[in-house]
Amino acid sequence: MKALILVGGFGTRLRPLTLSFPKPLVDFANKPMILHQIEALKAIGVNEVVLAINYQPEVMLNFLKDFETKLGIKITCSQETEPLGTAGPLALARDKLVDESGEPFFVLNSDVISEYPFKQMIEFHKSHGGEASIMVTKVDEPSKYGVIVMEESTGQVERFVEKPKLFVGNKINAGIYLLNPSTLDRIELRPTSIEKEVFPQIAAEKKLFAMVLPGFWMDIGQPKDYITGLRLYLDSLRKNSPSKLTTGSHIVGNVLVDESAKIGEGCLIGPDVAIGPGCVIECGVRLSRCTVMRGVRVKKHACISSSIIGWHSTVGQWARVENMTILGEDVHVCDEIYSNGGVVLPHKEIKSSILKPEIVM
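Residue positions within a chain follow its written sequence, with the count starting from 1. With the structure being a predicted model, the display of local features is reserved for residues of pLDDT at least 70 and the display and counting of side-chain atom pairs for 80 or more, all residues being used for whole-chain, interface and lining totals. Excluding hydrogens and water, the side-chain figures rest on all heavy atoms present in the structure.

(A) Layout of the overall build of the chain. For helices the rule is a DSSP run of H or I covering at least 4 residues; for strands it is a run of E covering at least 2, with both sets numbered from the N terminus onward. From N to C terminus, the chain includes seven helices and 29 strands. Relative to the 2.2 N^0.38 estimate, which gives 21 Å for 361 residues, the radius of gyration of the chain is 21 Å and therefore close to what a compact globule would have. Buried positions account for 55% of the 361 residues belonging to the chain. When the accessible surface of the chain is summed, it comes to about 15,700 Å², and 51% of that surface belongs to carbon and sulfur atoms. Under the counting rule used here, the positive set is Lys and Arg, the negative set is Asp and Glu, and His together with the chain ends is not counted. Charge coordinates come from a single atom per side chain, which is NZ of Lys, CZ of Arg, CG of Asp or CD of Glu. Computed over 40 positive and 42 negative side-chain charges, the inter-centroid distance for the chain is 3 Å. Each radius of gyration reported is based on C-alpha atoms, and the globular scaling rule is 2.2 Å times the count of residues to the power 0.38. Categorising residues by exposure relies on relative accessible area from a 1.4 Å probe, with only protein chains included: less than 20% of the type maximum marks a residue as buried, more than 50% marks it as exposed, and the intermediate range marks it as partly exposed. We get accessible surface area from the Shrake-Rupley algorithm with a probe of 1.4 Å; when it comes to residues, only the shown protein chains can shield them.

Structure follows, in structure tokens:
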């Protein structure tokens, strides 16, 4: 089987992290976002992944070469010269996706994190005999999304309602599809939307079916949702593989710590924290609801909450970093500094406090 991951563009919503790496390579729970998807695809027998990308393909491919051999899966790029929306890339990658087997292929949005129930999805797809299957997830605020109205018992999709003003349902497109090769005959090589142009056409022919995603779901393409996604992901680890989480007297709730990280005496860490490889957390540090990426040093008695600390940054002694502060790569926060929602671009030294949310160039 094959899979196409829609990587797309510049990842502007996750800047300043995406100024250093293409978005799919930004770490989430101590590994690049896209690796969560590739590992789950490999586990159910996908042997080739195509990345639809319009920016920095060489960076992506160089990085993923290591994983090709480690995971034993073929990874190739299909590069757009102009942005082709969410359906155009499928037409562009047609030759990579279709072979004589006639097997269906997966399509994923690269920002989506979940338990990836691909195996159940294949069974569902075979059972309904339609042309396309989409995963849907239930949300509390459906008005922010495209809502899918479906026949509950069979899962047959009746229609799509984009950002509904009135309540029509609470199931939204989760960005995970399983499509028969015949779907590609409906897509022209031009900028086009799978949600607005292709799926409604298949639904009109009663060949589109939706499966409700078991477990959690989050689109982690922006900082607030990234932090929420981390909480949901760690919750899911607690249920499914609790041995991966760190335990100890200094740990509260779900915490993921890379084995090469060092943690000093008298710290209190958690809930919902990920600490990456090579990090040094000195004595008396307090961390909660945050991600500390590879090579970061947090000095004595600093306090970090609801924030993302980018690669190789430093947070000084007695500093306080909170309220969706995002530090890009190699940012140095001096001792006793306060950051309230600062968004700091890479390679910057912060010598005075950031008292209200702002971007620091």
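(B) Local environment of the pattern of salt bridges. Basic side-chain nitrogens of Lys or Arg form a salt bridge, by our definition, when they fall within 4 Å of a carboxyl oxygen of Asp or Glu. Taken as a whole and judged by the stated rule, the model has 17 salt bridges. Between Glu-39 and Lys-31 there is a salt bridge, with its nearest N and O atoms 2.7 Å apart. Lys-31 sits in the partly exposed class, given a relative accessible area of 23%. Two residues, Lys-171 and Glu-152, come together in a salt bridge whose shortest N-O distance is 3.0 Å. Taken together, the residues span a long stretch of sequence, with Lys-171 in strand E11 (residues 171–179) and Glu-152 in the loop between strand E9 (146–150) and strand E10 (157–162) at a distance of 19 residues. Taking the relative accessible area as the measure of exposure, Lys-171 reaches 10% and is therefore buried.

(C) The nonpolar core, seen in detail. Counting residues in hydrophobic clusters, the biggest one holds 62 residues, and the most contacted among them are Ile-5, Phe-28, Ile-34, Leu-41, Leu-51 and Phe-106. It is helix H7 (residues 223–240) that contributes the most residues to this core, seven residues altogether. Should any heavy atoms of two residues lie within 4.5 Å, those residues are considered in contact. Residues contacting Leu-51, with those up to four places away along its chain left out, are Ile-5, Val-7, Ile-34, Met-60, Leu-64, Ile-75, Thr-76, Cys-77 and Ser-78. Buried Ala, Val, Leu, Ile, Met, Phe, Trp, Tyr and Cys residues that are joined via side-chain atoms within 4.5 Å together make up what is termed a nonpolar core. The next biggest cluster of nonpolar side chains, apart from the first, holds 30 residues, and it includes Ile-275, Leu-287, Ala-319 and Ile-337.

(D) Representation of helix H1 (residues 33–43) within the structure. Within H1, eight of the 11 residues are buried, leaving the element largely enclosed by the surrounding structure. Taken together, the buried positions of H1 are Met-33, Ile-34, Leu-35, His-36, Gln-37, Ile-38, Ala-40 and Leu-41.

(E) View of the packing of H1 against helix H2 (residues 57–71). Helix axes are fitted to C-alpha atoms over the stretch in contact, other axes to C-alpha atoms as well, and angles between N-to-C directions run from 0 to 180 degrees. The interhelical angle for the contact between H1 and H2, taken along N-to-C directions, is 30°, at an axis separation of 12 Å. Regarding the angle of H1 to H2, the classification is roughly parallel. In terms of crossing hand, the pair formed by H1 and H2 is right-handed. Residues Ile-34, Leu-35, Ile-38, Glu-39 and Lys-42 of H1 lie in contact with H2, whose contacting residues are Met-60, Leu-64, Phe-67 and Leu-71. Here the contact of H1 with H2 is built from residues that sort into seven nonpolar, no polar and two charged. Orientation categories follow fixed angle ranges, with anything under 35 degrees roughly parallel, anything over 145 roughly antiparallel, 65 to 115 roughly perpendicular, and all other angles oblique. Crossing handedness is read from the near helix: turned anticlockwise from the far helix by less than a right angle, it gives a left-handed crossing, and turned clockwise, a right-handed one. Gly is put with the polar residues, along with every residue not named as nonpolar or charged; the nonpolar set is Ala, Val, Leu, Ile, Met, Phe, Trp, Tyr, Cys and Pro, and the charged set is Asp, Glu, Lys and Arg.

(F) Structural context of the pairing of strand E12 (residues 208–212). When you tally the buried positions in E12, you get four out of five residues, the bulk of the element. Strand pairing requires that DSSP identify at least two bridges connecting the strands. In this structure, strand E8 (residues 132–138) lies alongside E12, joined through five bridges in parallel fashion. Bridging across to E12, Met-135 finds its partner in Met-211.

(G) Quick peek at the environment of Ala-302. You can see Ala-302 is positioned in the loop between strand E20 (297–298) and strand E21 (303–309). As a C-alpha pair, Ala-302 and Glu-336 span 34 residues in sequence and 8.2 Å in three-dimensional space. Contact partners of Ala-302, with chain neighbours within four places excluded, come to Gly-284, Val-285, Arg-286, Val-315, Gly-316, Trp-318 and Ala-319.

(H) Up close: the domain arrangement of the chain. Domain boundaries in the chain define domain 1 (2–219) and domain 2 (227–359). For each domain, the first and last residues come from an automatic or database assignment. Distance between the C-alpha centres of domain 1 and domain 2: 31 Å. Of the residues lining the interface, 17 residues belong to domain 1; the matching set on domain 2 comes to 26 residues. Buried area between domain 1 and domain 2, both sides added, is near 1,700 Å², and the carbon and sulfur share of it is 71%. Per-residue buried area on domain 1 facing domain 2 is highest for Pro-16, Leu-17 and Asn-30; these three make up 33% of the total on that side. The tally of links between domain 1 and domain 2 comes to one salt bridge. When the shortest N-O distance is used, the salt bridge between Asp-27 and Arg-294 registers 3.8 Å. The definition of a polar contact used here is a pair of N or O atoms within 3.5 Å, where within protein one atom must be able to donate a hydrogen and the other to accept one, and adjacent residues in sequence count solely through side-chain atom pairs. Our count for the contact surface shared by domain 1 and domain 2 stands at five residue pairs in polar contact (both at pLDDT 80 or more). A breakdown of the residues in the side of domain 1 that touches domain 2 according to their chemical character gives 11 nonpolar, three polar and three charged. Here the quantity called buried area is the total loss of accessible area, with a 1.4 Å probe, experienced by two parts when brought into contact, counted for both.

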